[in-house]
Amino acid sequence: MPSLKSLLKSIFRRTSEGAPTPTAHPGRSYPDVNETKQVVVGTGQSVGIERSHNEDALLVLTGQLTGIHPLPDFGLFVVADGMGGHRAGEVASAVSIRTVARMLTRDTMIQLLNNDHSELETPLQDLLREALEEANRAVVEEVPGGGTTLTAAVLLGPQITIGHVGDTRLKELGQLTPEEASVHPQRNVLYRAIGQGANLEVDVFTHPVPKNGGHLLICSDGLWGVVPDETIQRIVNSAHHPQLAAQQLVTAANSAGGPDNITVVLVRFPKG
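Treat the numbers as computed from the prediction; the structure is a model and nothing was measured.

Draft legend 1. Here's a closer look at the sheet that holds strand β5 (residues 159-165). Pairing within the open sheet is antiparallel, and its five strands lie in the order β2-β3-β4-β5-β6. Only two strands of the sheet have a single partner each, and these edge strands are β2 (56-65) and β6 (203-208). Mean inter-strand twist for the sheet, computed between neighbouring axes without regard to direction, equals 10 degrees. Running over the sheet, helix α1 (residues 88-114) touches β2, β3 (71-83) and β4 (147-156) and is turned about 165 degrees from β3.

Draft legend 2. Region of interest: the sheet that holds strand β1 (residues 40-46). Strands sit in the order β1-β8-β7 across an open sheet of three strands; the sheet is antiparallel. Each of the sheet's edge strands pairs with one partner strand only, and the pair in question is β1 and β7 (212-219). Each neighbouring strand pair of the sheet contributes to a mean axis angle of 10 degrees, computed without reference to strand direction. As defined by bridge partners, β1 adjoins strand β8 (residues 262-271) across seven bridges and the pair is classed as antiparallel. Bridging from a neighbouring strand, Q45 pairs with T263 of β8. Sitting on the sheet, helix α6 (residues 242-255) is in contact with β1, β7 and β8, with an inclination near 25 degrees to β1.

Draft legend 3. Fine view of helix α5 (residues 229-238). Those residues of α5 not exposed but buried are I232, I235 and V236. What you see down the axis of α5 is that its buried residues fit within an arc of 95 degrees, all on one side. Exposed residues pointing more than 90 degrees away from the buried face of α5 are listed as E230, R234 and S238. Of the surrounding elements, those touching the buried residues of α5 are β7, α4 (221-224), α6 and β8.

Draft legend 4. How the structure looks around the nonpolar core. Of all hydrophobic cores here, the largest spans 36 residues; its most connected members are L76, V100, L104, L150 and I194. Going through the elements one at a time, β2, β3, α1, α2 (124-142) and β4 are the ones with two or more residues in this core. When residues of this core are assigned to their parent elements, the largest contribution, 10 residues, is made by α1. When sequence neighbours within four positions are dropped, the list of residues in contact with I194 reads S96, L132, A135, N136, V139, G146, G147, T148, L150, V165 and L200. Counting 20 residues, the second-largest nonpolar core is a separate cluster that includes V236, A239, L244 and I262.

Draft legend 5. Structural view of the pairing of β2. Here β2 runs beside β3; their pairing, made up of nine bridges, is antiparallel. Looking across to β3, one finds that G63 is bridged to F74. Between β2 and the antiparallel strand that follows it, β3, lie five residues; G67 among them carries a positive phi value of about 120 degrees.

Draft legend 6. Just the environment of A245, in detail. Topologically, A245 is positioned in helix α6. For A245, a relative accessible area of 1% puts it in the buried group. With 203 residues separating them in the primary sequence, A245 and G42 have C-alpha atoms 7.4 Å apart. Setting aside residues up to four positions removed in sequence, A245 forms contacts with I235, V236, A239 and L266.

Draft legend 7. Molecular detail of the pattern of salt bridges. Throughout the structure, instances matching the rule amount to six salt bridges. One salt bridge connects D260 with R51, and the closest N-O pair in it is separated by 3.3 Å. With a gap of 209 residues between them, D260 in the loop between α6 and β8 and R51 in the loop between β1 and β2 connect regions that are remote in the sequence. With a relative accessible area of 13%, D260 lands in the buried category. For R51, a relative accessible area of 39% gives the class partly exposed. Connected through salt bridges with shared partners, the residues R192, E201 and D203 form a single ionic network.

Draft legend 8. Molecular detail of the packing of α1 against α2. Look at α1 against α2: their axes get within 8 Å of each other, and the N-to-C directions meet at 145 degrees. Judged by the sense of rotation from one axis to the other, the crossing of α1 with α2 is right-handed. Within the contact between the two elements, α1 uses A92, V95, S96, T99, V100, M103, L104, D107 and T108 and α2 uses L124, L127, L128, E130, A131, L132, E134, A135, A138, V139 and E142.

Draft legend 9. Main features of the side chain of T108. Checked against the element boundaries, T108 lands in helix α1. Using a relative accessible area of 0% as the deciding quantity, one classes T108 as buried. Looking at T108, its side chain comes within polar contact range of the main-chain oxygen of L104, at 2.2 Å. When neighbours within four sequence positions are excluded, T108 is seen to be in contact with F74, L120, L124 and L127.

Definitions and limits used
- Residues numbered from 1 in each chain as written.
- Predicted model: local features only at pLDDT ≥ 70, side-chain atom pairs only at ≥ 80, totals over all residues.
- Heavy atoms only, no water.
- Pairing = 2+ DSSP bridges.
- Helix = DSSP H or I, 4+ residues; strand = E, 2+ residues; numbered from the N terminus.
- Axes fitted to C-alpha atoms, helices over the stretch in contact; angles between N-to-C directions.
- Contact = heavy atoms within 4.5 Å.
- Buried < 20%, exposed > 50% of the residue type's maximum accessible area, 1.4 Å probe, protein only.
- Arc of directions from axis to C-beta.
- Core = buried A, V, L, I, M, F, W, Y, C linked by side-chain atoms within 4.5 Å.
- Salt bridge = Lys/Arg side-chain N within 4 Å of Asp/Glu carboxyl O.
- Left-handed = near helix turned anticlockwise from the far one by under 90°.
- Polar contact = N/O pair within 3.5 Å; in protein donor to acceptor, adjacent residues only side chain to side chain.

Here you go:
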């Protein structure tokens, strides 16, 4: 499940025998993007070693319009981690991501393209909250017994707005140290999830894009619950392209045992 600890980090190979290959292109050469002035995205995904099918889903959309009537740079980055028997989890994650993407592209990018100005009529936080609430209704109706956590980040010009549903709340409640939480028997117990009821609690907040460069990492707990923060930071900082970093993060999770599905979306913000 996406964790609040993984939402906005400006941190910003050895493969296990039998480990599934991440969705990547190991033979491809990726350019060094350290000096580029554009947002660059990398993704990685694997079923893991212990799971038989993938209940995670990801979505990445980016847009740019220059010219006499330019628009703010746009990006939509979503990770969902489904749950439920009989493949209900993978259906729930797919339904939720499609719903969120449909609403947000309609209410942000398409709205901006249809207008003569570069401002939204409705605050982005409200649009994001409404999209997550609609995803909840869709999963409740279409996937009985299924559910999913979901983290969605919307880049619009100099700000990024994040909506999140689903966390264990162990450390947030202040009951455990980080070390205790990592091994607690209830560390993966969900208190909130899309599709689990009508009263959905959504975390939404806005953060400025880092002016001096940085990274946004959104991932499922197949990564952050398995690979230490220090290793994640080292991989992200040492890779010259987010796609390489995403591949290496998936490999690190599988090398650590791959107990769950692994999904990574890594966004690199340019300097200046």
